[in-house]
Amino acid sequence: MKGQGSANGSDGSGGYDLVVVANRLPVDFSVDADGEVDWQRSPGGLVSALEPVMQENDGAWVGWSGAPDLAHEPFEADGMMLVPVTLSASEIRKYYEGFSNDTLWPLYHDVIAPPTYHRQWWEAYRRVNQRFADAAAAQAAHGGVVWVHDYQLQLVPKILRDLRPDLRIGFFDHIPFPPVELFQQLPWRRSILEGLLGADLVGFQRGGDASNFVRAVRRLTDHPTRGSVVSMDSDDGSPGRRVRAAAFPISIDTAKFDELARSPEVQARAKEVRADLGDPDVVMLGVDRLDYTKGIRHRIKAYGEILQDGRIEAANTTLVQVASPSRENVGAYQELREHVESLVGRLNGEFGEIGHSAIHYLHHSYPPEEMAALYLAADVMLVTSLRDGMNLVAKEYIAARSDLGGVLVLSEFTGAADELAPGPLLVNPHDIDGMKDIIVTAAHMDPKEKRRRMRRLRRKVMGDDVAKWSKSFLGVLTAMPTRDTHV
């Protein structure tokens, strides 16, 4: 798939054979007084997952810059043509912070927090999805492939299908898709389903998410389904398109992360980290966005009770909790930060000593080199999400551990649990007593058992990298017939 330059119009003349559409561009950029673009690569799992694909295929990426009212023509960065979509401050508040992250996010994560339904947010969501679809239509070559990503853009496939019926359109949902009993709360449920059904292939992290989607289509629309296929018959009842829903578990660039963790600089930094922590017997690690879906409060509660019970010596154990800032303008996230920091302060006040903290709480992001060093320094990795699409942190930890050390404690409610069992120690984060038992088991695990489990985990993760994921999805998408009269 070779890029042919910036498109001249929405008919596909002179466009790109592969166009990725995502809420954010893979870079943060600014424009100086002379109109010159200054950019730097932005962090994030989706960026890490798709950057190699885009560089290999010389494609175009349509997305928002991350700043309000920042408009610019398409520009090239890191071997990709980047196509900015401009959002106003009001649209960011309503479409992004509102409908995407205060309506869809909690609804799709099992209503851990109550969703908010505002009609003004929905109207902004529709307008912004139209703008993304228009931009993609203007960049895609005739007969090209457009790959739309995530819950912020669920209306784009249908809009794009109406604009450009010549395109192959794929959609990948990076977060869970809820059971129909929860999804049907959404006042605009039918519009969301019809939006997604504009795609030829709708991908999910887990088979259960794909099944939830098909059940919602069966319950809430008139489209017939058979297995994982939805029939989009014509108005006159004649056979039309077929839409397939399937699981494509995402991964990371495992070889790159493995190489990074093996570097002498990272190895030395890992030793420094342990020394800076006072060389405790057991270092536990949590790495998350500060999000209520990640089970951070449950994890800290279980850890605190273990210290209280004396099952692990407080003086010789440290939990490092990296909680990178997330959606700080959304009320639920502000409340979560206050609660977590209160819990951390209480535990450190009770169990900390001069020169030693029970918890080291770090509310900022780190570059990959520092993350790899933290993974190497950690005896126990705690992933206790209440609901997660995949959780790439678990895979990063495994990719970093070529020494076959460390134990992964992993929530049952992650996509990673479906893939990685029986290597990790699986926990139900709602069961505090059960989680305490598993954490203690991990802290005291025999080194031979650690190596056996990590060897099994690495075989799985190192073989299923992000290149395999993207190749699998795009392979299925491009192989699908444009018109299939047989299910």
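Give me helix 11 (residues 331-351): which residues, what numbers.
For helix 11, with 21 residues, the first-to-last C-alpha span of 31 Å sits near the 30 Å given by 1.5 Å per residue. For helix 11, the set of buried residues is Tyr333, Leu336, Val340, Leu343, Val344, Leu347 and Phe351. Looking straight down helix 11, one finds that the buried residues subtend no more than 95° of arc, so they occupy a single side. Away from its buried face, by an angle of more than 90 degrees, helix 11 presents the exposed residues Glu335, Glu338, Arg346 and Gly349. On its buried face, helix 11 is in contact with helix 2 (89-108), helix 10 (296-309) and strand 15 (359-362).

How would you explain the packing of aromatic side chains if you had to name every residue and give the values?
Tallied over the entire structure, the rule returns 22 aromatic pairs. Residues Trp147 and Trp469 carry aromatic rings whose centres are separated by 5.1 Å and whose planes lie at 35° to one another, so their mutual orientation is tilted. Residue Trp147 is located in strand 7 (residues 140-149), and its partner Trp469 is located in helix 17 (residues 466-479); the two are separated by 322 residues in the primary sequence. Judged by centre distance (5.2 Å) and plane angle (45°), the rings of Tyr292 and Tyr333 are tilted. Of this pair, Tyr292 sits in the loop between strand 13 (282-289) and helix 10 while Tyr333 sits in helix 11; the two residues are 41 residues apart in sequence, bridging distant segments of the chain. Residues Tyr292 and Tyr333 agree in their burial class; the two are buried. Within the aromatic cluster, the residues linked to one another by ring pairs are Tyr95, Phe99, Trp122, Tyr125 and Trp188. Positioned above the aromatic ring of Trp64, the side-chain terminus of Arg24 is 5.6 Å from the ring centre.

Quick rundown of the side chain of Thr103? Include the residues and the values.
Tracing the backbone shows Thr103 in helix 2. Within the structure, Thr103 has its side chain in polar contact with the backbone oxygen of Thr116 (distance 2.3 Å). Apart from residues no more than four positions distant in its own chain, Thr103 is found in contact with Gly98, Pro115, Thr116, Tyr117, Trp121 and Leu186.

Which residues make up the pattern of salt bridges, and what values go with them?
Tallied over the entire structure, the rule returns 33 salt bridges. Between Asp166 and Arg164 there is a salt bridge; the shortest N-O distance is 2.9 Å. Linking Asp403 and Arg401 is a salt bridge whose minimum nitrogen-to-oxygen distance equals 3.0 Å. Salt bridges linked by common partners bring Lys301, Glu305, Asp309, Asp433 and Lys436 together as one network.

I'd like a rundown of the sheet that holds strand 4 (residues 60-64), residues and numbers included.
The 10 strands lie next to each other as 5-6-4-1-7-8-9-12-11-10, forming an open sheet whose pairing is mixed. The open sheet is flanked by strand 5 (75-77) and strand 10 (225-226), the only strands paired with a single partner. Taken together, the 3 bridges between strand 8 (residues 168-172) and strand 9 (residues 201-204) define a ladder with parallel strand orientation. Looking across to strand 9, one finds that Phe171 is bridged to Val202.

Any details on unusual backbone geometry? Residues and values, ideally.
Geometrically, the link from Ala421 to Pro422 is a cis peptide bond, its omega value of 10° lying close to zero. Structurally, the position occupied by Pro422 is in the loop between helix 14 (415-420) and strand 18 (425-427). Of note, Val111 is a non-glycine position whose phi angle comes to about 55°, a positive value. With respect to the helices and strands, the residue Val111 is situated in the loop between helix 2 and helix 3 (119-139). Assessed through its relative accessible area of 26%, Val111 is described here as partly exposed. The backbone of Leu404 sits at a positive phi, close to 60°, despite the residue not being glycine. Within the secondary structure layout, Leu404 lies in the loop between helix 13 (392-400) and strand 17 (407-411).

Quick rundown of the nonpolar core? Include the residues and the values.
With 101 residues, the main nonpolar core has Phe132, Phe213 and Met284 as its most contacted residues. The biggest single contributor to this core is helix 3, with 10 residues. Counting residues in hydrophobic clusters, the runner-up holds 68 residues, among them Leu18, Ile252, Val393 and Ala399.

Please set out the packing of helix 9 (residues 264-276) against helix 12 (residues 368-377) residue by residue, giving values where relevant.
Orientation of helix 9 relative to helix 12, taken along the N-to-C sense of each, is 60°, at an axis distance of 8 Å. Comparing the axis directions of helix 9 and helix 12 gives the class oblique. Both helix 9 and helix 12 take part in a crossing whose hand is right-handed. Packed against helix 9, whose contacting residues are Val266, Gln267, Arg269, Ala270, Val273 and Arg274, the element helix 12 presents Glu369, Glu370, Ala372, Ala373, Leu374, Leu376 and Ala377 at the interface. Looking at the contact of helix 9 with helix 12 residue by residue, the class counts come to 8 nonpolar, 1 polar and 4 charged.

Can you explain a positive patch on the surface? Please cite residues and give values.
Together, Lys448, Arg451, Arg455 and Arg459 make up a region of like positive charge exposed at the surface. With respect to the secondary-structure elements, Arg451 resides in helix 16 (residues 447-463).

Criteria and cut-off values
Residues numbered from 1 in each chain as written. Predicted model: local features only at pLDDT ≥ 70, side-chain atom pairs only at ≥ 80, totals over all residues. Heavy atoms only, no water. Helix = DSSP H or I, 4+ residues; strand = E, 2+ residues; numbered from the N terminus. Expected span 1.5 Å × (residues − 1). Buried < 20%, exposed > 50% of the residue type's maximum accessible area, 1.4 Å probe, protein only. Arc of directions from axis to C-beta. Contact = heavy atoms within 4.5 Å. Phe/Tyr/Trp six-rings, centres within 6.5 Å; stacked < 30°, edge-to-face > 60°. Lys NZ or Arg CZ within 6 Å of the ring centre and 35° of its normal. Polar contact = N/O pair within 3.5 Å; in protein donor to acceptor, adjacent residues only side chain to side chain. Salt bridge = Lys/Arg side-chain N within 4 Å of Asp/Glu carboxyl O. Pairing = 2+ DSSP bridges. Core = buried A, V, L, I, M, F, W, Y, C linked by side-chain atoms within 4.5 Å. Axes fitted to C-alpha atoms, helices over the stretch in contact; angles between N-to-C directions. Parallel < 35°, antiparallel > 145°, perpendicular 65-115°, else oblique. Left-handed = near helix turned anticlockwise from the far one by under 90°. Nonpolar A, V, L, I, M, F, W, Y, C, P; charged D, E, K, R; others polar. Patch = residues over 30% accessible without salt bridge, like charges linked within 9 Å, V, L, I, M, F, W, Y side chains within 5 Å. Areas by Shrake-Rupley, 256 points an atom, 1.4 Å probe, with all protein chains shown as cover. Lys, Arg positive; Asp, Glu negative; His and termini not counted. Charge placed at Lys NZ, Arg CZ, Asp CG, Glu CD.

Geometry only, nothing functional implied.
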